[in-house]
Amino acid sequence: MKPYLICHMCTSVDGRIMGARWGKWPGRTAGNLFETTAASYGIGAWIVGTTTMKEFCAKPFKLPKPKGKIVRKDFIGKPGAKKLAIGADRKGVTHWKSNEVDGDHVVLLVTQRVSDAYLAHLQAAGVSYFFCGKTDIDLPLAMDKLARAFKLKKAMVQGGGAMNGSFLHAGLLDEISHILCPVADGGVGIQTFFDIPGKAPPKAAAHLKFMSHKMLPGGVSWMKYKVVKRRD
């Protein structure tokens, strides 16, 4: 069981995704384009990796020692939440003073590597968390838990290249929404749409089926694709 997953990203023509230095298109930056087009879907759940989640949490602070041993089971801080800010945090490095990001309930995908002090901190903040592996995030398991716990039907993957690549490699993406800006980045080491670690496999991660295309002001293209599952 899993939600329908759409990976929505804004890139340069060479696939880079860090658009802060790309300039503007009729008054809109890459960030504006990303946010407004994502909002048009009306999906109340978004998923990011640890690096992106750090943009929304509090500054790190020393965690007090918990009063007792924390039972290692999933915790839901806001049952029935309809809007979710979902982040992968396998080591427990994001800190929270609230269980919301702009009104969206924070849900973390953690591993057994996190400390009891960190779990106590999340419970005190009312942040939901799910155990999704021993040392690394088991994405299929994470999606199953999210779907069951929150009756989640759709979610938008908006991570960095590694997070997006992990979802694609695991065969979990159903659709790709691509905002293509008329700029060539050329930056060495800049993240791309999908970054799958290790040596390049002999075959592409997935084939795509064209769904739609829309031109936006300033020569920006918005393309949507269905992800075709391989049968290798």
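Remember, predicted model here, so these are calculated numbers, not experimental data.

A. Expanded view of helix H3 (residues 116–125). Most of H3 sits inside the fold, with seven of its 10 residues counted as buried. Turning to H3, its buried residues are Asp116, Ala117, Tyr118, Leu119, His121, Leu122 and Ala125.

B. Structural context of unusual backbone geometry. The backbone phi angle of Asp102 is positive, close to 50°, even though this residue is not glycine. With respect to the helices, strands and loops of the structure, Asp102 is situated in the loop between strand E4 (100–101) and strand E5 (104–110). When its relative accessible area of 76% is taken as the criterion, Asp102 is described as exposed. Even without being glycine, Lys151 reaches a positive phi, approximately 50°. As for its position among the elements, Lys151 is in the loop between helix H4 (139–150) and strand E7 (154–157). By relative accessible area, which is 66% here, Lys151 ends up exposed.

C. Summary view of the pattern of salt bridges. For the structure shown, the criterion picks out eight salt bridges. The salt bridge partner of Arg21 is Asp185, with a shortest N-O separation of 2.8 Å. In this pair, Arg21 is assigned in the loop between strand E1 (4–11) and helix H1 (30–39) and Asp185 in the loop between strand E8 (175–180) and strand E9 (207–216), connecting sequence segments 164 residues apart.

D. Molecular detail of the pairing of E9. Of the pairings in the sheet, the one linking E9 to strand E10 (residues 220–228) comprises nine bridges and is antiparallel in character. Along E10, the bridge assignment pairs Ser212 with Lys224.

E. Quick look at the packing of aromatic side chains. Counting across every chain of the model gives seven aromatic pairs. Consider the rings of Phe193 and Phe194, whose centres lie 4.5 Å apart with planes at 15°: the pair is stacked. Positioned over the ring face of Tyr4 is Lys154, at 5.8 Å from the centre of the ring.

F. Layout of the pairing of E1. The buried fraction of E1 amounts to seven of the eight residues, a majority that puts the element mostly inside the structure. The pairing of E1 with E7 spans four bridges and is classified as parallel. Note that in E7 the partner of Leu5 across the bridge is Ala155. With six bridges connecting them, E1 and E8 associate as parallel partners. If you follow Met9 over to E8, its bridge partner there is His178.

G. Here's a closer look at the side chain of Thr111. Mapped onto the elements, Thr111 comes out in the loop between E5 and H3. Among the polar contacts listed, one links the side chain of Thr111 to the backbone oxygen of Arg90, at a separation of 2.7 Å.

H. Structural detail: the side chain of Asp144. Structurally, the position occupied by Asp144 is in helix H4. Reaching out from Asp144, the side chain makes a polar contact with the backbone nitrogen of Met1 at a distance of 3.4 Å.

Criteria and cut-off values
- All residue numbers refer to positions counted from 1 along the written sequence of the respective chain.
- In keeping with the model being predicted, local features are shown solely for residues with a pLDDT of at least 70 and side-chain atom pairs are shown and tallied solely at 80 or more, while totals for entire chains, interfaces and linings include all residues.
- As a rule here, side-chain values cover all heavy atoms of the structure and leave hydrogens and water aside.
- Burial classes: relative accessible area under 20% of the type maximum marks a residue as buried, over 50% as exposed, and values in between as partly exposed (1.4 Å probe, protein chains only).
- Numbering of helices and strands runs from the N terminus; a helix is a DSSP stretch of H or I covering at least four residues, while a strand is a stretch of E covering at least two.
- Salt-bridge detection follows one rule: a side-chain nitrogen of Lys or Arg within 4 Å of a carboxyl oxygen of Asp or Glu.
- At least two DSSP bridges between two strands are needed for those strands to be called paired.
- In this scheme Phe, Tyr and Trp rings, the latter by its six-membered ring, pair at centre separations within 6.5 Å, and the angle between planes marks the pair as stacked below 30 degrees, edge-to-face above 60, and tilted otherwise.
- A positively charged side chain is recorded as over a ring if its NZ (Lys) or CZ (Arg) lies within 6 Å of the ring centre. The angle to the ring normal must also be within 35 degrees.
- N or O atoms within 3.5 Å of each other form a polar contact, as long as, within protein, one can give a hydrogen and the other can take it, and as long as residues adjacent in sequence are counted only when both atoms are side-chain atoms.

Any functional reading would require information beyond the geometric quantities listed.
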